[in-house]
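As a plain string of letters, each chain reads:
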Amino acid sequence: MKQVTIYICFFFVSLIASAIYPKEYFTWFLEVAPALIGFAILALTYKKFAFTNFTYFFILLHCIILFIGGHYTYAEVPLFDWIKEVFHQSRNNYDKIGHFAQGFVPAIIIRELFIRKNVISNKSFFNFIIVAICLAISAAYEWIEWGVSVCTGDGGDAFLGTQGYVWDTQSDMLFATIGAICMITFLSKAHNNSIARKF
């Protein structure tokens, strides 16, 4: 519980810092809204189902990625502007970090739910289903981005963040899929150990 309390403090400090003179408050709200909704869900379900500290740590990292993107907008994060110039890239690619995390972190959450609730009895399909769900989440988020942009016009352009890249939506979903696969490939053993230690 002590470690979770520390994570909560980091969450709110990062949230407040991101809210101080952001590029645009409407875009900031749209970008941080998933973190706020996620926090509310995790808080309301904590007594019934508390995740491992391992999972909460990566959820916090994902939230911080969202807060940074909300503060600057994903197309104008300074470090990635510098990377763009140094490596002669055509766009600011910070959004790809966000979409990688959009696959990586849900994979951890879904994996822990599946293991502890024994959702899938046939382990042959275990990893495939996790990746498929993460891809579905990414696709649903792209629908939300599209819907917000259509409804708000110019106000939603910074939220959409395509930067003129015609394949932005497809590449976003690809990065989410890669994130989910990387989580399963590289962190499954560590995740299993954290679950075993706690339960």
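(A) How the structure looks around the overall build of the protein. Along its length, the protein carries eight helices and zero strands. For the protein, the succession of helices and strands along the chain, N to C, is α-α-α-α-α-α-α-α. A compact globule built from 199 residues would reach a C-alpha radius of gyration of about 16 Å, and the protein, at 17 Å, matches this within 12%. Seen through its C-alpha atoms, the protein measures out along the principal axes to roughly 45 × 35 × 35 Å.

(B) Structural view of the state of the cysteines. According to the stated counting rule, one finds zero disulfides in the structure shown. Left unpaired, Cys9 is separated from the closest cysteine sulfur, that of Cys63, by 14 Å. For Cys9, a relative accessible area of 44% corresponds to the partly exposed category.

(C) How the structure looks around helix 5 (residues 94-117). For helix 5, which comprises 24 residues, the first-to-last C-alpha distance of 35 Å matches the rise-based estimate of 34 Å (1.5 Å per residue) to within 8%. With 17 of 24 residues buried, helix 5 lies mostly within the body of the structure. At the exit of helix 5 stands Asn118, carrying a positive phi of roughly 50 degrees.

(D) Local environment of unusual backbone geometry. Its identity as a non-glycine residue notwithstanding, His88 has a phi of 55 degrees, on the positive side. Looking at where His88 falls in the secondary structure, it is placed in the loop between helix 4 (78-86) and helix 5. Here His88 falls in the exposed class, since its relative accessible area comes to 71%.

(E) Main features of the packing of helix 6 (residues 126-152) against helix 8 (residues 168-198). Interhelical geometry of helix 6 versus helix 8 gives an angle of 150 degrees and a closest axis separation of 9 Å. Accordingly, the angle class assigned to the pair helix 6 and helix 8 is roughly antiparallel. Classified by chirality, the crossing of helix 8 by helix 6 is right-handed. Packed against helix 6, whose contacting residues are Asn127, Ile130, Val131, Cys134, Leu135, Ser138, Ala139, Glu142 and Glu145, the element helix 8 presents Thr169, Asp172, Met173, Ala176, Thr177, Ala180, Ile181 and Ile184 at the interface.

(F) View of the layout of surface pockets. Considering only enclosed or pocket space, the largest pocket measures out at about 840 Å³ in volume. Pro34, His62, Leu66, Pro106 and Ile137 are the residues nearest the centre of the largest pocket, which is lined by 32 residues in total. When residues of the lining of the largest pocket are traced back to their parent elements, those giving at least two are helix 2 (25-45), helix 3 (53-72), helix 5, helix 6 and helix 7 (157-160). A per-element tally of the lining of the largest pocket places helix 2 first, with nine residues. Residue composition of the lining of the largest pocket, grouped by class: 22 nonpolar, seven polar and three charged. Volume-wise, the second largest pocket comes out at about 270 Å³. Along the walls of the second largest pocket sit 13 residues, with Val4, Ile8, Phe39, Leu42 and Tyr56 positioned nearest its centre. The set of elements that each furnish at least two residues to the lining of the second largest pocket consists of helix 1 (2-19), helix 2 and helix 3. For the lining of the second largest pocket, the per-class residue count stands at 13 nonpolar, no polar and no charged.

Rules used throughout
- Residues numbered from 1 in each chain as written.
- Predicted model: local features only at pLDDT ≥ 70, side-chain atom pairs only at ≥ 80, totals over all residues.
- Heavy atoms only, no water.
- Helix = DSSP H or I, 4+ residues; strand = E, 2+ residues; numbered from the N terminus.
- Rg over C-alpha atoms; globule rule 2.2 N^0.38 Å.
- Disulfide = S-S within 2.5 Å.
- Buried < 20%, exposed > 50% of the residue type's maximum accessible area, 1.4 Å probe, protein only.
- Expected span 1.5 Å × (residues − 1).
- Axes fitted to C-alpha atoms, helices over the stretch in contact; angles between N-to-C directions.
- Parallel < 35°, antiparallel > 145°, perpendicular 65-115°, else oblique.
- Left-handed = near helix turned anticlockwise from the far one by under 90°.
- Contact = heavy atoms within 4.5 Å.
- 1 Å grid on protein atoms, 1.4 Å probe; cavity = no way out; pocket = protein on both sides within 12 Å on 5 of 7 lines; lining within 4 Å.
- Points joined across faces, edges and corners; volume = space filled by probe spheres on them.
- Nonpolar A, V, L, I, M, F, W, Y, C, P; charged D, E, K, R; others polar.

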